[in-house]
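Now for the letters of each chain:
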Amino acid sequence: MKKISLLLLLLISAGCYSQIKGTVTDDKGNPLAFVNIFEENTYNGTTTNEKGKFTLNVKNENPIIIFQYLGYKTVKKAITKNQFAESLSITLAEENITLKEVVINPKDNPANEIIRNAIKNKKENSEKTARFKSDFYSRGIIRLKDAPKTIMGQKFDFFDEILDSTRSGIIYLSETVSKITFQKPDKMKEVIVASKVSGKDNGFSFNNAASVNFDFYENYLPFEINVVSPIADNAFNYYKYKFEGSFFTENRQQINKIKVIPRRETEPVMEGYIYIVDDSYAIYATDLSIKGNQMQSPAIDNLTLKQSYSYNSNNKIWVKNTQTLDFIAGLLSIKVNGRFTYVYSNFEFEKQFEKKTFTNEILSFQENANKKEDTFWNTIRPVPLTEEESTDYTKKDILQTKKKSKVYLDSIDAKHNKFKVMDVLSSYSYKNSFKKWSIDYDGPLTSISFNTVQGYRINAGLSYTKRDEDKRTYTRISSKFDYGFSEEKIRATANYTHKFNNTNNSLLTFNGGSSASQFNGSNPISNIVNTVSTLFFKNNFMKLYEKNFVSGFFGREVVNGIYMNINAEYSERKPLYNITEYTVIKSDDLYTSNNPLSPTDETSAAISKHNLVKTNIAMRFNFGQKYITRPDGKYNIPNDDYPSLSLGYEKTFAATDKNYEYDFVAARVNYDVTLGNKGTLQMAFKAGKFFNDDNISFVDYKHFNGNQTHIGQSESYTNVFNLLPYYAASTNDSYSETHIEHNDKGFFMNKIPLLKLLQSQLVLGFHNLAIPDRKPYQEFSVGLDNLGFGKFRLFRVDYVRSYQNGYQGDGVIFGLKFLNVLE
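Residues numbered from 1 in each chain as written. Predicted model: local features only at pLDDT ≥ 70, side-chain atom pairs only at ≥ 80, totals over all residues. Heavy atoms only, no water.

Colleague: For this particular structure, what's the right way to read the overall build of the protein?
Modeller: For the protein, the count of helices and strands is seven helices and 43 strands. Computed over its C-alpha atoms, the radius of gyration of the protein comes to 31 Å, within 12% of the 28 Å expected for a compact globule of 823 residues. Put simply, the protein has 823 residues, and 49% of those count as buried. Of all intrachain contacts in the protein linking residues separated by at least 6 positions in sequence, the fraction that spans at least 24 positions is 60%. Here the protein holds 103 positive side-chain charges and 92 negative ones, and the gap between their average locations is 3 Å. (Helix = DSSP H or I, 4+ residues; strand = E, 2+ residues; numbered from the N terminus. Rg over C-alpha atoms; globule rule 2.2 N^0.38 Å. Buried < 20%, exposed > 50% of the residue type's maximum accessible area, 1.4 Å probe, protein only. Contact = heavy atoms within 4.5 Å. Lys, Arg positive; Asp, Glu negative; His and termini not counted. Charge placed at Lys NZ, Arg CZ, Asp CG, Glu CD.)

Okay, here's the thing in structure tokens:
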């Protein structure tokens, strides 16, 4: 039955389309890649692959095919039925680009006048393609070249089975065919009809149209940061232009070739060529490149974006029908390069769409999209595979079958599971890949820290994990052991976590055990920073109490954009005291006590021993959230046009003393705004209020994320006060916080002589804290982010001034982002 259905499908396809194929070369016989090929006066087109090969499903019996390539004369060829079975050989000759075709005011650079007209007419040209439906094809290939055998002393053998003798080869290859509905600037609906990933039988590629919507008619192109278009409204502030000449298309339209030159190499701008149609000033093609540091993607060395547009004389619209992204990247001696090819065809332009055409779901997959046979791909694929790509599909299909066998997986596990004596101190993992479970051990060697309550402290952990990779779910059971040498006490915790699905991300966890915990549950000071601060500067800012507890948590997305979780915990809290005065650097200074309320009193404690039950419920609203629906789950995409809102309610009961019981409500708003090419503005507003709270435990106060170490670890500082003592403002009443930070993403710094060589980002910050019976606390800061060397930009420096009823103090915060990895 399946064979009959497939035969019928092929017969129907044959009735609708006839396929032509061939090769495009220059007059020296060299194959030409990325040649724009389309049926005259239609939007049915394709492009050549890296070897100059092409296939095109034509609709007309005697089509006229246009072969269009930058730098070469356009060829128009009439095809007869008899040629459908032949392999065509098309030769393109170099274009004669002349300077005398355009005569403009000699007092002005002729290119400037053309660009001014392109900017003046871009709204009209953009509106012509503002709403459409089309077919979309994408193919991505990434190659690893000259892979090292080791990186920083560690084996790099992840790709060994697919690399050749030079340690080079394809590490990623995928294709998708989809139907898209689009309305400018960013409304998208895409349905994946077919999807294929080399070496992956689930075949669910992440290639999609929304992520590569580079529209030069818009002011900015959405890379890692917004890149200024060569025909943006403010383009002359960023680019210079040179008129290289003009040529004529097959329908006698004059095309002007304009060289695009950045004014400053450090800014997010491109260089290369843009081709503008005379009279209409529409875009004919682009061939533009940008360096990784210019778009703040340091791992990328260079990226080239090429687009070709085709013209339909029936409706007089130029429309983008092919696009490629070529890149070269590298990091830690790993070198990769790749190309992503995109073909748009069969456009249908609409005056308007029905109201419910676009929803928050921007991409979905048709049933069995990943099960298409080779016969389907051979008839629908607009860009033929190269021999290298065909070989890769075959090779990895065989390898995948091999990799799924128990014999193979057991042999890999046997190699991986070898135990070494030093693993007792470092780490060890035992895998059963066939049954998809693993046991992991984390040794104490990398977890050594110090605090004045426990002295030198080590951790060791053991966990069991069972995964379902197809559904992206897992179950984990783990335990962690903590030993303080001065305290001479071992504490242990246990955890059970189960992720039910990858659609609403339902997650259940249970925890229990004993721990030395910070009074501020947000853990504002990390173990590594506290260790250095204590041992070398005798500043023991970390304040601890003992918590013996059991807790449960369940969270899930209720509907798109609304996430809810509930948590319940029973705990016994006990005071802890300083035990050791040890320090590496001898000093007459004394450690402060472990009581944050009385730093000089070593005999008193901030809390008395007590028990209670704490419950809370929280909801997060991500307004306007978009999402992708795949067979293996739902993937959420934040909508930058809207803020996110979090609400929470907390209640305690069954306490040792009724005075410890309270009610608490809190709210938080986060809003990140992209300001064109002028950077990002991050804002966080928090507020809360306690009720029935007169004598609650200090543990349950609202503690604010201060910083007395002058070390920052986070990407941004919208959740911390940089100079505020950790527990100076803790409250059991009401409070409000404001955190605002603007990162210019280089907008100002890229224009300042000498300083622009740092490739840094200017960061301005403001923080405000208000609680009853206390003057508002404020901080103002100015800093430089994205500091570092080469491709490693892991540092940040800020100067901060604090005020509370007048000037309080100042200081420098050194941002060390790599510490997050070490924790």
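Text resumes after the structure shown.
Colleague: What is the right way to look at empty space enclosed by the protein in this model?
Modeller: Considering all chains together, one arrives at four cavities of 30 Å³ or more under this definition. In this model, the largest cavity occupies a volume close to 240 Å³. Secondary-structure elements contributing two or more residues to the lining of the largest cavity are β11 (169-183), β20 (317-331) and β21 (334-349). When its residues are assigned to classes, the lining of the largest cavity shows twelve nonpolar, two polar and three charged. Contributing to the lining of the second largest cavity are Thr 48, Asn 49, Glu 50, Arg 139, Ile 141, Arg 339, Thr 341, Val 383, Thr 386 and Glu 389. Counting only elements with at least two residues in the lining of the second largest cavity, the list comes to β8 (131-145) and β21. Of the residues belonging to the lining of the second largest cavity, the class tally is two nonpolar, four polar and four charged. (1 Å grid on protein atoms, 1.4 Å probe; cavity = no way out; pocket = protein on both sides within 12 Å on 5 of 7 lines; lining within 4 Å. Points joined across faces, edges and corners; volume = space filled by probe spheres on them. Nonpolar A, V, L, I, M, F, W, Y, C, P; charged D, E, K, R; others polar.)

Colleague: Any chance you could explain the pairing of strand β31 (residues 562-575) here in plain terms?
Modeller: Sheet topology places strand β30 (residues 544-559) next to β31; 14 bridges connect them, and they run antiparallel. In the strand pairing of β31, Gly 552 is matched with Ala 568. Inspection of the sheet shows β31 paired to strand β32 (residues 610-622) by twelve bridges, in the antiparallel sense. Across the sheet, the residue bridging to Asn 565 is Ala 618, located in β32. (Pairing = 2+ DSSP bridges.)

Colleague: How should the environment of Leu 32 be read in this particular structure?
Modeller: Within the secondary structure, Leu 32 is located in the loop between β1 (18-26) and β2 (36-39). Given a relative accessible area of 6%, Leu 32 falls into the buried group. Sequence spacing of Leu 32 and Lys 415 is 383 residues, and the spatial spacing of their C-alpha atoms is 46 Å. Excluding anything up to four places from it in sequence, Leu 32 contacts Val 24, Thr 25, Asp 26, Thr 48, Asn 49, Gly 52, Tyr 69, Tyr 72 and Leu 92.

Colleague: I keep staring at a negative patch on the surface and nothing clicks. Help me out?
Modeller: Residues Asp 186, Glu 218, Asp 640, Asp 641 and Asp 672 make up a contiguous surface patch of negative charge. Among the structural elements, Asp 186 can be located in the loop between β11 and β12 (187-197). A relative accessible area of 55% places Asp 186 in the exposed class. (Patch = residues over 30% accessible without salt bridge, like charges linked within 9 Å, V, L, I, M, F, W, Y side chains within 5 Å. Areas by Shrake-Rupley, 256 points an atom, 1.4 Å probe, with all protein chains shown as cover. Salt bridge = Lys/Arg side-chain N within 4 Å of Asp/Glu carboxyl O.)

Colleague: Can you walk me through helix α5 (residues 406-416) in this structure?
Modeller: Counting along an α-helix, one turn takes 3.6 residues, and residues three or four places apart therefore face a common direction. Of the positions making up α5, those classed as buried are Tyr 408, Leu 409 and Asp 413. Seen along its axis, α5 keeps its buried residues to an arc of 130°; they face one direction. For α5, the exposed residues lying more than 90 degrees away from the buried face are Val 407 and Lys 415. Elements in contact with the buried residues of α5: α4 (387-403) and β23 (427-432). (Arc of directions from axis to C-beta.)

Colleague: It is not clear to me how the sheet that holds strand β4 (residues 53-58) should be interpreted in this structure. Could you clarify?
Modeller: Taken in spatial order, the three strands make up an open sheet running β4-β1-β7, and their pairing is mixed. Among the strands making up the open sheet, the edge pair consists of β4 and β7 (87-92). Taken pair by pair, the neighbouring strands of this sheet meet at an average axis angle of 35°, ignoring direction. (Axes fitted to C-alpha atoms, helices over the stretch in contact; angles between N-to-C directions.)

Colleague: How should I be thinking about the pattern of salt bridges in this particular structure?
Modeller: When charged atoms on two side chains of opposite charge get close, those side chains can pair. Applying the stated criterion across every chain yields a total of 43 salt bridges. Of the charged contacts, one joins Lys 76 and Glu 40 as a salt bridge, the two residues approaching to 3.0 Å between their closest N and O atoms. Of this pair, Lys 76 sits in strand β6 (residues 75-78) while Glu 40 sits in the loop between β2 and β3 (45-47); the two residues are 36 residues apart in sequence, bridging distant segments of the chain. Residue classification places Lys 76 among the partly exposed residues on the basis of a relative accessible area of 42%. Residue classification places Glu 40 among the partly exposed positions, given a relative accessible area of 25%. Two residues, Glu 175 and Arg 139, come together in a salt bridge whose shortest N-O distance is 3.5 Å. Of this pair, Glu 175 sits in strand β11 while Arg 139 sits in strand β8; the two residues are 36 residues apart in sequence, bridging distant segments of the chain. Connected through salt bridges with shared partners, the residues Glu 487, Lys 489, Arg 491, Glu 546, Glu 572, Lys 574 and Lys 609 form a single ionic network.

Colleague: I tried to follow the packing of aromatic side chains on my own but got confused; where do I start?
Modeller: Aromatic ring pairs are described here by two measures, namely the spacing of the ring centres and the angle between the planes. Evaluated as defined, the whole model comprises 51 aromatic pairs. With centroids separated by 6.3 Å and ring planes inclined at 70°, the aromatic side chains of Phe 500 and Phe 554 adopt a geometry described as edge-to-face. Placement of the pair is Phe 500 in the loop between β28 (489-499) and β29 (507-518) and Phe 554 in strand β30, with a sequence separation of 54 residues. Classification of Phe 554 by relative accessible area gives partly exposed; the value is 29%. Counting every residue linked through ring pairs, the aromatic cluster contains Tyr 43, Phe 132, Phe 182, Phe 347 and Phe 349. The ring of Tyr 273 has Lys 257 sitting right over it, with the charged end atom 4.5 Å from the ring centre. (Phe/Tyr/Trp six-rings, centres within 6.5 Å; stacked < 30°, edge-to-face > 60°. Lys NZ or Arg CZ within 6 Å of the ring centre and 35° of its normal.)

Colleague: Is there a simple way to explain a nonpolar patch on the surface in this structure?
Modeller: Judged by side-chain polarity, Ile 448, Tyr 456, Phe 485, Val 532, Phe 536, Phe 537, Tyr 582, Val 584 and Ile 585 come together as a nonpolar surface patch covering roughly 830 Å² of accessible area. Per-element tally for the nonpolar patch: the top contributor is helix α6 (residues 527-537), with three residues. Tracing the backbone shows Tyr 582 in the loop between β31 and β32. For Tyr 582, a relative accessible area of 38% translates into the label partly exposed.

Colleague: Any chance you could explain the sheet that holds β6 here in plain terms?
Modeller: Paired through their backbone hydrogen bonds, the strands of a sheet run either parallel or antiparallel. Read from one edge of the open sheet, four strands run β3-β2-β5-β6, paired in antiparallel fashion. In this open sheet, the two edge strands, each paired with only one partner strand, are β3 and β6. When strand polarity is set aside, the average angle formed by the axes of neighbouring strands in this sheet is 20°. By the bridge criterion, four bridges tie β2 to strand β5 (residues 64-68) in an arrangement that is antiparallel.

Colleague: Got a minute to help me understand the side chain of Thr 357 in this structure?
Modeller: Note that Thr 357 resides in the loop between β21 and β22 (361-365). For Thr 357, a relative accessible area of 17% puts it in the buried group. A distance of 2.8 Å separates a polar atom in the side chain of Thr 357 from the backbone oxygen of Glu 354. Beyond its immediate sequence surroundings of up to four residues, Thr 357 is in contact with Thr 181 and Lys 189. (Polar contact = N/O pair within 3.5 Å; in protein donor to acceptor, adjacent residues only side chain to side chain.)

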